[in-house]
Amino acid sequence: MVRKKGSLILCGAFLFVAWNALLLLFLWGRSPMGRFGEGGGAEPGGKEEWGVGRGRGGAANLAGEVVRLAEEVESELETQKKLLKQIESHRSLWAHRKDVGKREMANARDAKKEVDPQPPPQLPPVDPKNHGEDTDQNELKLGFIATPTIDSKPQNHLDKNMQSNRLGLKVTVASPQVVIPILVIACDRVTVKRSLDKLIEYRPSPELYPIIVSQDCGHAETARVIGSYGTQVTHIRQPDLSDMKVRPEHRKFQGYYKIARHYHWALNQVFNTFSHSTVVIVEDDLEVAPDFFEYFRALHPILTADPTLWCVSAWNDNGREGLVDPGKAGLLYRTDFFPGLGWMLLKGMWAELEPKWPAAFWDDWMRQPEQRRDRSCIRPEISRTITFGRKGVSLGQFFDQYLRYIKLNSEFVPFTKQDLSYLMKEKYTESFVKEVYSAPLVKMEDLRQGGTLSGTGPYRVQYSSRDNFKVLARNLGVMDDLKSGVPRAGYRGVVSFLSRGRRVFLAPAEGWKHYDVSWS
């Protein structure tokens, strides 16, 4: 289309020059107005030649015709001037479209070397209720273009980040882009400064990533710290600071009730007051990685397009040093476990969750089957957030044993330049299950130092019951707790991690169907 428009422009310019040349030749060579052979002109072969008048009358007529000719030429030139102005006014638009076309063609050649001649299948329909596809004042027409493609060469999902899904979502960044606000949940930690400093340092655009700090607790010193950032952040305050009515045995959990109330209020502010279509939620004790914004920008169209996803998280529950592969910072997974700790939510999903939002323990509530509804989240191999807040309502639960050792990614991965459609459910599940159950089955003892195994794997260790899982998880160094039967970082019951430099899948028996909610 861009080439056709360029050819039309060249053709039009040629016709314009040719027309003016012919017009001038015609006007100069034609007879004056009136009858041929009379005073104003000359008839070929007649008694008078052109330019020979009959006295004063002939001269006057000739002068009049010259004036009339000049007026006609001037009028015609004025018309051509207007046409040139119109062409000039559209010139920049045509140039812009040509550049866009070239970029799209280049992206298409890079992302897809071989194309199946059959027409591509349509993407699955997106439920607006679940995925917030409404366009608001902060989402300017389109943030990304999702183009269906077909992949004729399936590849290993763990080692290849550029695979295509048969449902193929080829992601192309477009401009203008969707605004992705960062909601910082704050209370009484003055160390929120550490979190805000890193967010502002790595933020590529204040317009595309506005930071909204929602503060509960009414802590004056923390409010001063937040206020010191001026217009770099938007500071909002949860107005209801009263204690909540709880049953006597839950009085010690008052903090959990207030946190759930704060989340409910703050998310309503983001989606209903500020009218955003998506949000990334972090807490005031999280530090982000250099590619934190890049990560969420690239995964936003995947979350929007796949109805079997309901969040994108920056966190790997088993992301401790030694359990993750430092050479695979770009490795991403689907997980059935809701990770939290830096996660993206769409407005449509909030519309589903908000009416039944719990009074307390909102994160465990999110992990219940009634909320999850067999949907998954995306998580990274190496976390894009770490927590530095040992003090909190959980009184340091898991912090000393696990959380303080989580590895924060330091390598910038250009996710927006990659085709992440391999994370779409159909292709991902097929590839993941094939890799897990084609891995050699070994015993835990084989993985220990001095074992007989060689190479980096992958290897599979199989569990058969809840208690068996917990024993194996503890011995292998991964988190052993389950929520509604789902292991942390697990997908289809499988937990992927490194053990002494080898890739290991802690997995149920082949043919897994569903989680057992009694395993909690």
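This report concerns the structure included in the present document.

Here is what the cut-offs are and how they apply
- Residues numbered from 1 in each chain as written.
- Predicted model: local features only at pLDDT ≥ 70, side-chain atom pairs only at ≥ 80, totals over all residues.
- Heavy atoms only, no water.
- Helix = DSSP H or I, 4+ residues; strand = E, 2+ residues; numbered from the N terminus.
- Buried < 20%, exposed > 50% of the residue type's maximum accessible area, 1.4 Å probe, protein only.
- Areas by Shrake-Rupley, 256 points an atom, 1.4 Å probe, with all protein chains shown as cover.
- Pairing = 2+ DSSP bridges.
- Axes fitted to C-alpha atoms, helices over the stretch in contact; angles between N-to-C directions.
- Contact = heavy atoms within 4.5 Å.
- Phe/Tyr/Trp six-rings, centres within 6.5 Å; stacked < 30°, edge-to-face > 60°.
- Lys NZ or Arg CZ within 6 Å of the ring centre and 35° of its normal.
- Arc of directions from axis to C-beta.
- Right-handed = clockwise from strand over helix to strand, strands pointing away.

Once that is clear, we can look at the overall build of the protein. Scanning the protein from terminus to terminus reveals 13 helices and 17 strands. Out of the 520 residues in the protein, the part that is buried amounts to 47%. As displayed, the protein offers around 26700 Å² of accessible surface, 55% of which is attributable to carbon and sulfur atoms.

This part is about the sheet that holds strand 13 (residues 459-462). With respect to topology, three strands assemble into an open sheet ordered 13-17-16, the strand pairing being mixed. The open sheet has two free edges, formed respectively by strand 13 and strand 16 (495-499), since each of these has just one partner strand. Each strand axis lies, on average, 30 degrees off the axis of its neighbour in the sheet, ignoring direction. Where strand 13 meets strand 17 (residues 502-507), four bridges bridge the pair, whose relative direction is parallel. Of the residues in strand 17, the one forming a bridge with Y459 is V504. Its contacts with the sheet put helix 11 (residues 425-438) on strand 13 and strand 17, and the angle it makes with strand 17 is roughly 100 degrees. Each of strand 13, strand 16 and strand 17 touches helix 13 (residues 466-476); the most contacted strand, strand 17, lies at about 165 degrees to it.

What follows is about the sheet that holds strand 3 (residues 182-186). Judged by pairing direction, the sheet is mixed, and its eight strands sit side by side in the order 5-4-3-6-10-8-11-9 without closing on themselves. The open sheet has two edge strands, strand 5 (234-237) and strand 9 (332-335), and neither has a second partner. Direction aside, the axes of adjacent strands within the sheet are offset by 25 degrees on average. Packing against the sheet, helix 7 (residues 292-305) makes contact with strand 3, strand 6 (278-283), strand 8 (309-313), strand 9, strand 10 (343-346) and strand 11 (376-380), and its axis sits at approximately 175 degrees to strand 8.

Considering all chains together, one arrives at 24 aromatic pairs under this definition. On the numbers, 5.9 Å between centres and 20 degrees between planes, the contact of W357 with W362 is stacked. Note on W362: relative accessible area 8%, which makes it buried. For the pair F432 and F505, a centre-to-centre distance of 6.2 Å together with 70 degrees between the ring planes defines the contact as edge-to-face. Note that F432 is positioned in helix 11 and F505 in strand 17, a separation of 73 residues in sequence. Of the residues examined, F432 reaches a relative accessible area of 2% and is grouped as buried. One aromatic cluster in this structure is built from Y263, W310, F338, W343, W350, W357, W362 and W365. When the ring centre of Y333 is taken as origin, the NZ or CZ atom of R379, which lies over that ring, is 4.1 Å away.

Let us now look at helix 4 (residues 192-202). The set of residues buried in helix 4 consists of V192, S195, L196, L199 and I200. Projected down its long axis, helix 4 carries its buried residues within an arc of 125 degrees, all on one side. Elements in contact with the buried residues of helix 4: strand 3, strand 4 (211-215), helix 5 (220-227), strand 6, strand 7 (286-288) and helix 7.

Our next topic: the pairing of strand 3. Look at any regular strand and the pattern is simple: side chains alternate between the two faces of the sheet. Of all five residues that make up strand 3, five are buried, and the element is covered over most of its length. Side chains of strand 3 alternate between two faces, with I182, V184 and A186 and L183 and I185 buried alike. With five bridges connecting them, strand 3 and strand 4 associate as parallel partners. Following the sheet pairing, A186 is matched in strand 4 by Q215. Crossover handedness for the path strand 3 to helix 4 to strand 4: right-handed.

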